[in-house]
Amino acid sequence: MGLKLNGDAVCLVDIDNDGWTDICASSGIWHNDRGRQFRRIGEGGQFVAADFDNDGYVDLFDYARLKLYHNERGKGFKEVALPNLPPNASRGACWGDFNGDGFADLYVGGFEDWNRDITYPSFILINEVGKSFRLAWSEARYRTRGVTACDFNRDGNLDIYVSNYRLQPNQLWLNQGRATFRDAAAEFNAVATSPGFDGGHSIGAAWGDFDNDGYMDLFAGNFAHRDDRGDQPKSRFLRNMGPAKGYRFDDLGPCGVLYQESYSSPAAADFDNDGNLDLFLTTVYPVASFNTPNYPVLYRNAGHFKFDDVTSVNGLAKFGATNQAAWADFDHSGRVDLVTDGKLYMNRGPARHWLEVRLHGDGKAVNRSAIGAQVRVSLKGKTLTRQVEAGTGEGNQSDLTVHFGLGAIGESMHLEVFWPNRKSEIVRHVHCDDIVDIQYRP
């Protein structure tokens, strides 16, 4: 298909508004020609994408080089000046309207220079109504690898989950409104660790409603040694217990995710369209290293937080180290495809029913990319929830289009959209097996 990638993190987004998801990677920006082939149209980078000035086109932030690029209406990109920023070595960032003004802001994670024992600061850039950015906060406590955002308690304020390395505790930045945050990871039982440890070697996390109860859960991918430092915290699922329990998380442990030492970047999607959100999880080490197997794994969600390794039966080879993991439906087949290990894996799975939803903010009350919005579908005793997010795992971004697998359910349905400004909207009689565009209207 003309596509040449490497194993670095990847951003999947529609660059020119032609309705087809493109690929932004360190090897270049690759235009999707209607699901048939890809053409390289621009220089690459480590990107997360959102429409920061609400002009209708997504822009790109390169968190590795701390550079912002404005999308010139799908014709190219122009660098935008940023304020003076602290020195940084970032492996992940995410967009989100953290202060509720209708414009997407940035959280940038700061990692480390191991050889010089330097911890680089994480920081927040507040969007000044699409004209410029302001450095609002920075801190160098933890060595961050992954950053991802979700309004997990549905109060209309977008919260941030930060995956920290070196057995440091993960952070759940609870947004108290207007981009004022406090770390509430311990309070909400979201540190993703084990007794005897302050934290794990977390590399990336993924939000998702894994049990179809309408509330967003978390999966934390932990690199975990077994050596003289102890049996370190494993990767684990954190179940959101909803409003009755104050939206605290129940740490369920691995839930069938078998131990491998070097798990890293997770990405969640319903790859088989059965209505349950599945998980793909990469590794840091090559396939055979340190006398343990290490290879990325595709886990199928069998329901009730039971996950099965289905890697080999779904055409994925036992390839090695990569932090690249993101999902998008590149050919409009209704099945999400996977980009990982420098390759695009097209989904040729069963032809079950599906629905894809593209949300559009008005650029005033809701950011144009609708980042932070959640969509719910209620189906026969379960509620499927998906969100629009711009940053997941370790530095990756799956498509902004939200995807639902519907299994055998083929009739029309109602959708509930929870917009980032707290407004809830019911969209009635939506047909399955279709891509639906929903515009926010005040």
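The structure this text deals with has already been given above.
About the criteria used
Residues numbered from 1 in each chain as written. Predicted model: local features only at pLDDT ≥ 70, side-chain atom pairs only at ≥ 80, totals over all residues. Heavy atoms only, no water. Pairing = 2+ DSSP bridges. Helix = DSSP H or I, 4+ residues; strand = E, 2+ residues; numbered from the N terminus. Axes fitted to C-alpha atoms, helices over the stretch in contact; angles between N-to-C directions. Phe/Tyr/Trp six-rings, centres within 6.5 Å; stacked < 30°, edge-to-face > 60°. Buried < 20%, exposed > 50% of the residue type's maximum accessible area, 1.4 Å probe, protein only. Lys NZ or Arg CZ within 6 Å of the ring centre and 35° of its normal. Salt bridge = Lys/Arg side-chain N within 4 Å of Asp/Glu carboxyl O.

## Digging into the sheet that holds strand β33 (residues 343–345)
- Across the sheet, three strands lie side by side as β31-β32-β33; this open sheet has antiparallel pairing. Pairing within the sheet leaves two strands with one partner each, and these edge strands are β31 (326–328) and β33. Here the average twist between neighbouring strands, direction ignored, is 25 degrees.
- Across three bridges, strand β32 (residues 337–340) lies against β33 in antiparallel orientation. Each residue of the ladder has a partner; that of valine 339, found in β33, is leucine 344.

## Considerations on the packing of aromatic side chains
- For the structure shown, the criterion picks out 23 aromatic pairs.
- Taking the centre distance of 4.6 Å and the plane angle of 55 degrees together, the rings of phenylalanine 219 and phenylalanine 237 count as tilted. Here phenylalanine 219 is found in strand β20 (residues 217–223), whereas its partner phenylalanine 237 is found in strand β23 (residues 236–240), with 18 residues between them in sequence. With respect to burial, phenylalanine 219 and phenylalanine 237 carry one shared label: buried.
- An aromatic cluster is defined as three or more aromatic residues linked by ring pairs; in this entry it consists of Phe152, Tyr161, Phe188, Trp207 and Phe249.
- Here arginine 226 stacks its cationic end above the ring of tyrosine 259, 3.9 Å away from the centre of that ring.
- If you follow arginine 376 out to its NZ or CZ, it ends over the ring of tyrosine 215, 5.2 Å from the centre.

## Considerations on unusual backbone geometry
- One non-glycine residue, arginine 166, lies in the positive phi region at around 60 degrees.
- Within the secondary structure, arginine 166 sits in the loop between β16 (159–164) and β17 (171–175).
- Backbone geometry at phenylalanine 305 places phi at a positive 60 degrees, although glycine is not the residue there.

## Re the pattern of salt bridges
- Following the criterion strictly, the structure yields 25 salt bridges and no others.
- Residues aspartate 272 and arginine 300 are paired through a salt bridge, measuring 2.9 Å at the closest nitrogen-oxygen approach. Pair noted here: aspartate 272 is in the loop between β25 (263–269) and β26 (278–283) and arginine 300 is in strand β29 (residues 297–301), with a separation of 28 residues, a long-range link.
- Between aspartate 437 and arginine 358 there is a salt bridge, and its shortest N-O distance comes to 3.0 Å. Linking aspartate 437 in strand β40 (residues 435–439) with arginine 358 in strand β34 (residues 353–360), this pair joins segments that are 79 residues apart in sequence.
- Put simply, Glu112, Asp117, Arg143 and Arg166 are held in one network by salt bridges that share partners.

## Points about the pairing of strand β13 (residues 122–128)
- The buried fraction of β13 amounts to six of the seven residues, a majority that puts the element mostly inside the structure.
- As judged from the three bridges shared by strand β10 (residues 105–108) and β13, these two strands associate in the antiparallel manner. Considered in β13, the bridge of tyrosine 107 is made with isoleucine 124.
- In terms of strand pairing, β13 meets strand β14 (residues 132–139) through seven bridges, oriented antiparallel. From the neighbouring strand, leucine 125 faces β14, where its bridge partner is leucine 135.
- Linking β13 to β14, which pair antiparallel, is a turn of three residues; within it valine 129 sits at a positive phi near 45 degrees.

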